[in-house]
Amino acid sequence: MDYSYDNVVPSFRLDGRLAILTGGSGGLAAVVSRALLAQGAQIALLDMNLERTKAAAKELETWGQESLKGAHESPVGAVSAWSCNIGDFEQVEECFKNINEHHDMVADLLINTAGYCENFPAEEYPSANAEGILKVNGLGAFYVSQAFARPLISSNKKGSIILVGSMSGTIVNDPQPQCMYNMSKAGVIHLTRSLACEWAKFNIRVNTLSPGYILTPLTRNVISGHSDMKEAWESKVPMKRMAEPKEFVGSILYLASESASSYTTGHNLVVDGGYECW
Ligand SMILES: NC(=O)c1ccc[n+]([C@@H]2O[C@H](COP(=O)([O-])OP(=O)(O)OC[C@H]3O[C@@H](n4cnc5c(N)ncnc54)[C@H](O)[C@@H]3O)[C@@H](O)[C@H]2O)c1
Ligand SMILES: OC[C@@H](O)C(O)[C@H](O)CO
């Protein structure tokens, strides 16, 4: 047995790695992107609106210059901003190609946070909305995984994919009706297992991170105008509160790390304050 320090103590550093973070101007991405930058990664932020994504990238760079100066011997990683609808495969393919060219390397970490939620009673759900959300939350997760994996496979390089699912992929939320969101996230969890099995031979690990309720723009949309909604949600969480985005950073770094999670693939890591236990 090799008991050397590097063989026994996992590293969460991401020096020399390029991370693509979809949903890059969203609430979860704001904190995750800072943690990735702090660990030494280069980062490509991708979202629907270019101006908002560029603003998020600028804030990230400024944060890096102010907070990471002298913190580690590696230089602060390059940050780029991209506009792309992950539900449109041609856009995704073009965007991922441009990202790799721009950073002059093949991205080896993908974190798919892009997605949205909407509420309609099942019997009234408009078909165009149903198709729209499945296309983004479901097919989008597949499109970004495929566009990310192809250049890794052809260059024989290992990588890690983290698809953000939700506890809604396993439980049914109450009281808000959101059957298509729930279906899309259940699909993400099983897509993860399928890709993990198919791509293990290429050294690409694929995992889902399934959060419970987090305070971000996504949930603020649902809560706003429904003052009792937050209380209803929190009453069902054993920890009796919603999460803050920073409470997912440890899980992301674990799944991204080639030493800490080298044998972890196809997993659904649920981080929900105990919601699924009751
Ligand atoms: N907030 C929660 O309580 C919660 C809980 C469980 C899972 N999640 C999941 O976490 C992820 C991040 O959510 P968040 O809370 O940060 O929400 P958010 O709304 O702050 O961020 C999501 C981002 O995805 C982007 N996006 C939406 N559709 C897109 C598309 N077609 N192409 C590219 N980008 C697109 C949005 O513009 C937004 O910036 C989502 O997948 C969400 O389903 C959130
Ligand atoms: O289940 C938690 C999340 O996926 C999300 O915050 C919620 O379902 C939105 O209604």
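Reading the values: the criteria
Residues numbered from 1 in each chain as written. Chains lettered and ligands numbered in written order. Predicted model: local features only at pLDDT ≥ 70, side-chain atom pairs only at ≥ 80, totals over all residues. Heavy atoms only, no water. Patch = residues over 30% accessible without salt bridge, like charges linked within 9 Å, V, L, I, M, F, W, Y side chains within 5 Å. Areas by Shrake-Rupley, 256 points an atom, 1.4 Å probe, with all protein chains shown as cover. Salt bridge = Lys/Arg side-chain N within 4 Å of Asp/Glu carboxyl O. Helix = DSSP H or I, 4+ residues; strand = E, 2+ residues; numbered from the N terminus. Expected span 1.5 Å × (residues − 1). Buried < 20%, exposed > 50% of the residue type's maximum accessible area, 1.4 Å probe, protein only. Arc of directions from axis to C-beta. Contact = heavy atoms within 4.5 Å. Polar contact = N/O pair within 3.5 Å; in protein donor to acceptor, adjacent residues only side chain to side chain. Near = heavy atom within 4 Å. Nonpolar A, V, L, I, M, F, W, Y, C, P; charged D, E, K, R; others polar. Core = buried A, V, L, I, M, F, W, Y, C linked by side-chain atoms within 4.5 Å.

Draft legend 1. Molecular detail of a nonpolar patch on the surface. A contiguous nonpolar patch, built from Met1, Tyr3, Tyr5, Val8 and Val9 and spanning about 640 Å² of accessible area, is present on the exposed surface. Looking at the secondary structure, you find Val8 in helix α1 (residues 5–8).

Draft legend 2. Quick peek at helix α4 (residues 89–103). With 15 residues, α4 extends 21 Å between its outermost C-alpha atoms, agreeing within 8% with the 21 Å of an ideal straight helix rising 1.5 Å per residue. By the burial criterion, the buried members of α4 are Phe89, Val92, Cys95, Phe96, Ile99, Asn100 and His103. Projected onto a plane normal to the axis of α4, the buried residues spread over an arc of 130° and lie on a single side. Those residues of α4 that are exposed and aimed more than 90 degrees away from the buried face are Glu90, Glu101 and His102. For α4, the secondary structure elements touched by its buried residues are β1 (18–22), β2 (42–47), β3 (79–83), β4 (109–112) and α5 (127–154). By the N-cap criterion, in which a side-chain oxygen at the helix start approaches the backbone nitrogen of a residue two or three places on, α4 is capped by Asp88, the distance to Glu90 being 3.1 Å. One or two positions beyond α4, positive phi appears at Asp104, with a value near 55°.

Draft legend 3. Here's a closer look at helix α6 (residues 179–199). Helix length check: α6, at 21 residues, gives a terminal C-alpha distance of 30 Å against a target of 30 Å (1.5 Å per residue), a fit within 8%. For α6, the set of buried residues is Met180, Tyr181, Asn182, Ser184, Lys185, Val188, Ile189, Leu191, Thr192, Leu195, Ala196 and Trp199. Contact partners of the buried residues in α6: α5, β5 (159–164), β6 (204–211) and β7 (268–271).

Draft legend 4. Region of interest: the site of ligand 1. Near ligand 1 there are 28 residues, and of these Gly27, Asp47, Tyr181, Ile214 and Thr216 occur at the shortest range. The separation between a nitrogen atom of ligand 1 and a polar side-chain atom of Asn85 is 2.8 Å. Lys185 has a polar side-chain atom sitting 2.9 Å from an oxygen atom of ligand 1. Here ligand 1, which alone exposes 820 Å², has 92% of that area covered by the protein. When contributions to the shell around ligand 1 are tallied by element, the ones reaching two or more residues are α2 (27–38), α6 and α7 (217–223). When residues in the shell around ligand 1 are grouped by element, the largest group, three residues, is from α7. Class assignment of the residues belonging to the shell around ligand 1 gives a composition of 13 nonpolar, 12 polar and three charged.

Draft legend 5. Region of interest: the nonpolar core. Ranked by internal contacts, the top residues of the largest apolar core, which has 33 residues, are Ile20, Leu46, Val92, Phe96, Ile99, Ile161 and Val206. One finds Ala19, Ala29, Leu68 and Leu209 within the second-largest nonpolar core, a separate group that totals 32 residues.

Draft legend 6. Molecular detail of the site of ligand 2. Inspection of the region around ligand 2 gives Cys117, Ser166, Met167, Ser168, Asn173, Gln176, Gln178, Tyr181, Tyr213, Leu218 and Thr219 as its neighbouring residues. In the environment of ligand 2, an oxygen atom lies 2.8 Å from a nitrogen or oxygen atom belonging to the side chain of Asn173. In the model, an oxygen atom of ligand 2 is placed 2.7 Å from a nitrogen or oxygen of the Tyr181 side chain. For the shell around ligand 2, the per-class residue count stands at five nonpolar, six polar and no charged.

Spatial relationships are all this shows, so hold off on functional conclusions.
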